[in-house]
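Examination of the molecular architecture
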Amino acid sequence: MIELRQIQKNYRRGAEDVRALRGVDLTIEKNELVAITGPSGAGKTTLLHILGCLDQPSHGDVLIDGVNTATMPESQLVKLRREKIGFVFQQFYLIPGLSVFDNIALPLLFSKKPADRKKIEGLADMVGLSHRLDHAPSQLSGGEMQRTAIARGLVNDPDVLLADEPTGNLDSENSEKIFTILKNLRDQGLTTIMITHNAELAARAQRSVRIRDGRVAA
Amino acid sequence: MTSYPTLAAKNILRHRTRSLLTMLGIAASVGVLFAVLSFNQGFNEGLAAELERTGLHFMVVPSGCAHEVAALVLHGAVIPKFLDTQVMDHVEATDGIDLATPILVAQLPDQERGTIDLIYGVDMEALPAIKPGWQIDGRMPRSPHEILLGYEVAQHDNLKPGDVFSTPAAGIELTVAGIVGLTSSQDDAFVYLPIATAQDLLDYPQAATAIGVKVNDPAAIGAITDELTSAVPGIQIVTMGEVMNSVSNLAASARALSLAIVLIAILISAVGVMNSILMAVFERTQEIGMMRAVGASRWDVFRIILSETTILALGGGLVGILIAVLGARLIEAFVRSVMPFVPSGDLIRFDPVVALGSVVFIFIIGLCAGIYPAVKASKINPVEAIKG
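This section reports on the structure supplied with the text.

Parameters and conventions
Residues numbered from 1 in each chain as written. Chains lettered and ligands numbered in written order. Predicted model: local features only at pLDDT ≥ 70, side-chain atom pairs only at ≥ 80, totals over all residues. Heavy atoms only, no water. Helix = DSSP H or I, 4+ residues; strand = E, 2+ residues; numbered from the N terminus. Rg over C-alpha atoms; globule rule 2.2 N^0.38 Å. Buried < 20%, exposed > 50% of the residue type's maximum accessible area, 1.4 Å probe, protein only. Contact = heavy atoms within 4.5 Å. Areas by Shrake-Rupley, 256 points an atom, 1.4 Å probe, with all protein chains shown as cover. Pairing = 2+ DSSP bridges. Polar contact = N/O pair within 3.5 Å; in protein donor to acceptor, adjacent residues only side chain to side chain. Phe/Tyr/Trp six-rings, centres within 6.5 Å; stacked < 30°, edge-to-face > 60°. Lys NZ or Arg CZ within 6 Å of the ring centre and 35° of its normal. Buried area = accessible area lost by both parts, 1.4 Å probe. Salt bridge = Lys/Arg side-chain N within 4 Å of Asp/Glu carboxyl O. Nonpolar A, V, L, I, M, F, W, Y, C, P; charged D, E, K, R; others polar. Core = buried A, V, L, I, M, F, W, Y, C linked by side-chain atoms within 4.5 Å.

Secondary structure assignment for chain B yields 14 helices and 10 strands. Taking 388 residues into account, the globule formula puts the C-alpha radius of gyration at 21 Å, and chain B, at 30 Å, lies well above it. Along the first, second and third principal axes, the C-alpha atoms of chain B reach 95 × 45 × 30 Å. In chain B, buried positions account for 51% of the 388 residues. For chain B, long-range pairs separated by at least 24 residues make up 79% of all intrachain contacts whose partners lie at least 6 apart in sequence. Put simply, chain B shows about 17700 Å² of open surface, and 61% of that area lies on carbon and sulfur atoms.

All right, on to the pairing of strand E3 (residues 33-37) of chain A then. Residue and element names in this part refer to chain A. Most of E3 is tucked away: 5 of the 5 residues are buried. By the alternation rule, side chains of E3 split into Leu33, Ala35 and Thr37 and Val34 and Ile36, which are all buried. Pairing of E3 with strand E8 (residues 191-195) involves 4 bridges; the strand directions are parallel. Looking across to E8, one finds that leucine 33 is bridged to threonine 192. As defined by bridge partners, E3 adjoins strand E9 (residues 207-212) across 4 bridges and the pair is classed as parallel. Note on E9: the bridge partner recorded for alanine 35 is serine 208.

With that out of the way, let us pick up the side chain of Arg81(A). Along the chain, Arg81(A) turns up in helix H2 (residues 74-84). Polar side-chain contacts of Arg81(A) include one of 2.7 Å to the backbone oxygen of Cys53(A). If near-sequence neighbours (up to four positions away) are discounted, Arg81(A) is found in contact with Gly52(A), Cys53(A), Leu54(A), Glu74(A), Phe87(A), Arg292(B), Ala293(B) and Ala296(B).

Okay, the side chain of Arg132(A) next. Residues and elements named next belong to chain A. With respect to the secondary-structure elements, arginine 132 resides in the loop between helix H4 (117-126) and helix H5 (142-154). Exposure remark for arginine 132: the relative accessible area of 18% places this residue in the buried category. Of the polar contacts made by the side chain of arginine 132, one reaches the side chain of glutamate 144; its length is 3.1 Å. Setting aside chain neighbours within four positions, we find arginine 132 in contact with Val100, Gln139, Leu140 and Glu144.

We now examine the sheet that holds strand E1 (residues 2-13) of chain A. Residues and elements named next belong to chain A. The sheet built from 4 strands is open, its strands ordered E2-E1-E4-E5 with antiparallel pairing. The open sheet terminates on both sides in strands that have one partner only, identified here as strand E2 (16-28) and strand E5 (67-68). Bridging between E1 and E2 involves 10 bridges; their strand directions are antiparallel. Note that in E2 the partner of leucine 4 across the bridge is leucine 26.

We now examine the packing of aromatic side chains. Evaluation of the coordinates by the stated rule reveals 8 aromatic pairs over all chains. Between Tyr120(B) and Phe190(B), the aromatic rings sit 5.5 Å apart at their centres with planes inclined by 85 degrees, giving edge-to-face as the arrangement. With Tyr120(B) in strand E3 (residues 115-122) and Phe190(B) in strand E8 (residues 190-194), the pair connects residues that are 70 residues apart, well separated along the chain. What makes Phe190(B) buried here is its relative accessible area of 2%. Aromatic ring contacts, followed pair by pair, group Tyr120(B), Trp134(B), Phe190(B) and Tyr192(B) into a single cluster. For the cation-ring pair, Arg117(A) lies above Phe101(A), with the distance from its terminal atom to the ring centre recorded as 4.3 Å. Here the basic side chain of Arg303(B) rests over the ring of Tyr4(B), its NZ or CZ set 3.9 Å away from the ring centre.

In this section: the interface of chain A and chain B. Contacts between the two partners involve 27 residues from chain A and, on the opposite side, 24 residues from chain B. The junction of chain A with chain B conceals about 2400 Å² of combined surface from both sides, 68% of it contributed by carbon and sulfur atoms. Counting every contact that joins chain A to chain B gives 4 salt bridges. For Glu74(A), the salt bridge is made with Arg292(B), and the minimal N-O distance between the two is 2.2 Å. In this assembly, chain A and chain B are joined by 7 residue pairs in polar contact (both at pLDDT 80 or more). When contributions to the side of chain A that touches chain B are tallied by element, the ones reaching two or more residues are H2 and helix H3 (100-110) of chain A. No other element matches the 7 residues that H3(A) contributes to the side of chain A that touches chain B. For the side of chain A that touches chain B, the per-class residue count stands at 16 nonpolar, 3 polar and 8 charged.

It is worth spelling out the pattern of salt bridges at this point. Residue and element names in this part refer to chain A. Applying the stated criterion to the full structure yields 25 salt bridges over all chains. The partner of aspartate 55 in a salt bridge is lysine 9, with the nearest N and O atoms 3.2 Å apart. Placement of aspartate 55 in the loop between helix H1 (44-51) and strand E4 (59-64) and of lysine 9 in strand E1 is noted, with a sequence separation of 46 residues between them. This pair shows no difference in class: aspartate 55 is buried, exactly as lysine 9 is. Of the charged contacts in the structure, one is a salt bridge between arginine 12 and aspartate 17, with a shortest N-O distance of 2.9 Å.

Residues and elements named next belong to chain A. A positive phi is found at lysine 112, a non-glycine position, where the angle reads about 60 degrees. For lysine 112, a relative accessible area of 52% corresponds to the exposed category. The phi angle at aspartate 213 is positive, at roughly 50 degrees, despite the residue not being glycine. Along the polypeptide, aspartate 213 turns up in the loop between E9 and strand E10 (215-216).

Another point: the nonpolar core. If you look at the biggest cluster of nonpolar residues, it comprises 76 residues, and the most contacted ones within it are Leu4(A), Leu47(A), Leu106(A), Phe110(A), Ile193(A) and Met291(B). Among the elements that take part in this core, helix H11 (residues 298-326) of chain B stands out by supplying 9 residues, more than any other. Setting aside residues up to four positions removed in sequence, Leu4(A) forms contacts with Val24(A), Asp25(A), Leu26(A), Leu47(A), Leu51(A), Asp61(A) and Val62(A). Leu33(A), Ala35(A), Leu170(A) and Ile178(A) belong to the second largest nonpolar core, which has 35 residues in total.

Here is the structure:
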């Protein structure tokens, strides 16, 4: 379970003080598929980064399975990201020099785990890319790239998958495929939190949380 | 499965041209470093072998510059001074002398042929003792007008034993008795003739530019040279060890300058590596942010970037040594064309210790060049990086 208590995030952008989050309270249960929506600049991505232990709040508590990560040192945050969290980005961020197989296996390098070929092939099969394992990212379509990124996000068996506008760069057909994969993952017991501007997909999520001006909108 | 070195290597291959150019810069610097260090070793070994081949322990020459004497001993430089004829009597009368032979080295212009012959007048009976390693095609001269030709002279004039060697001096006809086999040293460029004939040709009766001396007991060289120096005024005695030191000192000065230039070149290529890796880091900021998000620690990022630098440096270093070894003969030919004396034999030989030393050196330089970009990359804020 993830619990956010009175999360505030302030930072400076040039001469300007930005209050990205202004007291967010949010609880996400295990196996939930949550869509986070809201206008640009509302604080969705900042919230996702805090949920993913990539950033820490200026004030408030972030409890992941009861452990407060708000004041954790960087070394423990890295460990938590490796063990419990998977990330998917709008721009995929695949490494061009690596094959699909190696891109999926990349997080294993950082968690010092051997690349289990069967497991990676299983993940590729799950996202429909078993025929593309030896291909370079440049040979993939946008949808295939995002599916590779999802497999990469799952390779460390995370408890939570965080997806920042995973369908933002995709057409409706590929968006549907991605959403289906995320939904299946939730059905298999994975907590999935997805930022989206797609109202239709948000409506089909288990729960939709709207962020507005750094707060959870009523 | 991707490992840190493979990931680094694949990152390098993403910018093939840039990586290749950076690597070539390192290869050039390390190749020259390896060549200079190997050359130093080969030069000293070649010099020692060359001096051993002379079969003499010391030279008696007119007082003057030690470098001049070194040049005389090693490549027959012309010294415009002659020993007094009585010096030979003193040397021969000294105890402990096994062999003393006057040597007259001079240039003999031949306007008819348009050449300048280098002549080496010596007692032909003493020649086998002075040049014990020579292979002679034909035989040693037996009469005053018979000569030996160095390999290059014979090749140049297309002469063989029994042929007549033309001289500018009227009434003197020289016959080639034998041709010295290739020595790949300055010996190949001389015409060897009995010293009396050389004196006649030059019109310097009784003249000698040096007296080559071989002693019975090499341990007594110091005592003998002291005795001669105090007994005969106006002479200088130079042992082969001193000749070696003299030439080595000259070579060491050239080497120090070359090394300084090579080190500057290495520094420049290290800056090139740093620049190349920094560019790669800036271009991959978002990718580094992604790696941090999926579990890479700062240390992981540091390692990847440092691996890229060391791969570039090591790759360049190995290629540089390979080029230096393969191009050794070309480098030697160049050095021989610009240096006044270079001993015969291979000057640049593959020495695993020198090669390993050069590689270790460039590895350390690579590590140093990589630290700044690696620290820079490891400090990238993943949140900022992912935002772009």
